[in-house]
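Residue-level listing of the chains:
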Amino acid sequence: MTVQLDENATNVKDLLFVSQTVLQQAVDLLDNDLKEDEQLVVTSKFLPGSTIGKHLRHARDHFELLINCITSPPPYVLNYDVRSRNTPMETSRGAARSALLETIQCLQDVVPTSNWNAPITLNAVTPFPQTFQTTFARELWFGALHCVHHWSMVRVIAGEMNIKVGDDCFGFAPSTLVASGREHSLGKTMAKI
């Protein structure tokens, strides 16, 4: 039984590391690559309706919704389709930075004390209403991969504005980094947290 507990503790620690790392990548983007608030609101030519600010907000929302779910009394019910739009972080680098850092800290506070296998009922619109059973750990993993997906679109929009994203790992899935021997690069991002 001790082995299982040790494995779960390691898994939680690893998943927390990845979740905080992908959010820190967005903070680094704001600090190092974007120079003006206006860059958050430029609409993509290739991804209609998309802006960097919208992608940053949307990706962070998934972590916030999960945190709100797991810190509420059970039974745990999660719905990623209930999100706030047109928030200050979509138009202000400072607001985006603060919101992302707040979420990184919330993850640090909540994840280590949460039940890894806590059952969650996930409601989704696919566009048909669906209900799934999942766990806290699975949704934390999803949140990190969901960020990576949106960071790749942020990279495209930045490129449209001739902005070079300095983090070579930004927008690449962890499995891609491992397959290419670049997983060690994630440590550079985490050293900033």
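Residues numbered from 1 in each chain as written. Predicted model: local features only at pLDDT ≥ 70, side-chain atom pairs only at ≥ 80, totals over all residues. Heavy atoms only, no water.

Engineer: Outline the overall build of the chain, supporting the account with residue identities and numerical values.
Structural biologist: Along the chain, the regular secondary structure elements total 6 helices and 3 strands. Counted from the first residue to the last, the chain has its helices and strands arranged as α-α-β-α-β-β-α-α-α. On C-alpha atoms alone, the chain measures out to a radius of gyration of 17 Å, which is about the 16 Å that the 2.2 N^0.38 rule sets for 193 residues. Counting only C-alpha atoms and orienting by the principal axes, one finds that the chain spans roughly 55 × 40 × 30 Å. Relative to its 193 residues, the chain shows a buried fraction of 46%. For the chain, the computed accessible surface area is about 9,900 Å², with 57% contributed by carbon and sulfur atoms. The average position of the 16 basic charges and that of the 20 acidic charges among the side chains of the chain differ by 5 Å. (Helix = DSSP H or I, 4+ residues; strand = E, 2+ residues; numbered from the N terminus. Rg over C-alpha atoms; globule rule 2.2 N^0.38 Å. Buried < 20%, exposed > 50% of the residue type's maximum accessible area, 1.4 Å probe, protein only. Areas by Shrake-Rupley, 256 points an atom, 1.4 Å probe, with all protein chains shown as cover. Lys, Arg positive; Asp, Glu negative; His and termini not counted. Charge placed at Lys NZ, Arg CZ, Asp CG, Glu CD.)

Engineer: Run through the packing of helix α2 (residues 52-70) against helix α4 (residues 136-160), naming residues and quoting values.
Structural biologist: For the pair α2 and α4, the least separation of the axes is 8 Å and the interaxial angle reads 175 degrees. Here α4 runs roughly antiparallel to α2, going by the angle between their axes. A per-class count over the contact of α2 with α4 returns 16 nonpolar, 6 polar and 1 charged. (Axes fitted to C-alpha atoms, helices over the stretch in contact; angles between N-to-C directions. Parallel < 35°, antiparallel > 145°, perpendicular 65-115°, else oblique. Nonpolar A, V, L, I, M, F, W, Y, C, P; charged D, E, K, R; others polar.)

Engineer: Can you tell me about the UniProt feature "domain: DinB-like" (unreviewed entry) in the chain, naming the residues and giving the values?
Structural biologist: Sites flagged by UniProt as "domain: DinB-like" (unreviewed entry) map to residues 36-152. Here residues 36-152 is 46% helix and 15% strand, with 20 Å between the C-alpha atoms at its ends. (UniProt positions renumbered as here; feature names shortened; annotations may be inferred.)

Engineer: Quick rundown of the sheet that holds strand β3 (residues 129-135)? Include the residues and the values.
Structural biologist: Two pairing modes exist for strands in a sheet, parallel and antiparallel, and in both the strands are linked by backbone hydrogen bonds. Strand order in the open sheet formed by 3 strands is β1-β2-β3, and the pairing between neighbours is mixed. A single partner strand is all that each edge strand has here, and the edge strands are β1 (76-79) and β3. Each strand of the sheet is rotated relative to its neighbour by a mean of 25 degrees, with strand direction disregarded. Note: β1 against strand β2 (residues 119-125), 4 bridges, orientation parallel. Pairing of L78 across the sheet is with L122, part of β2. Running over the sheet, α2 touches β1 and β2 and is turned about 165 degrees from β1. Along the sheet face, α4 touches β1, β2 and β3 and points at about 110 degrees away from the line of β3. (Pairing = 2+ DSSP bridges. Contact = heavy atoms within 4.5 Å.)

Engineer: Can you lay out the confidence of the model for the chain for me, pointing to particular residues and giving the numbers?
Structural biologist: On average, the chain scores 91 in pLDDT, and the residues at 70 or more come to 91%. Here residues 1-5 is modelled with pLDDT under 50, and outside its nearest four sequence neighbours on either side it reaches 0 contacts, counting other chains as well. (pLDDT = per-residue confidence, 0-100.)

Engineer: Describe the packing of α2 against helix α3 (residues 93-110), naming the residues involved and giving the relevant values.
Structural biologist: In helix packing, the relevant descriptors are the interaxial angle and the interaxial distance, both defined with respect to the helix axes. It is the contact of α2 with α3, at a shortest axis distance of 10 Å, that shows an interaxial angle of 35 degrees. The way α2 lies across α3 gives a crossing that is left-handed. In this structure, α2 uses R60, F63, E64, I67 and I70 to contact α3, whose residues at the interface are A99, L100, E102, T103, C106, L107 and V110. Looking at the contact of α2 with α3 residue by residue, the class counts come to 8 nonpolar, 1 polar and 3 charged. (Left-handed = near helix turned anticlockwise from the far one by under 90°.)

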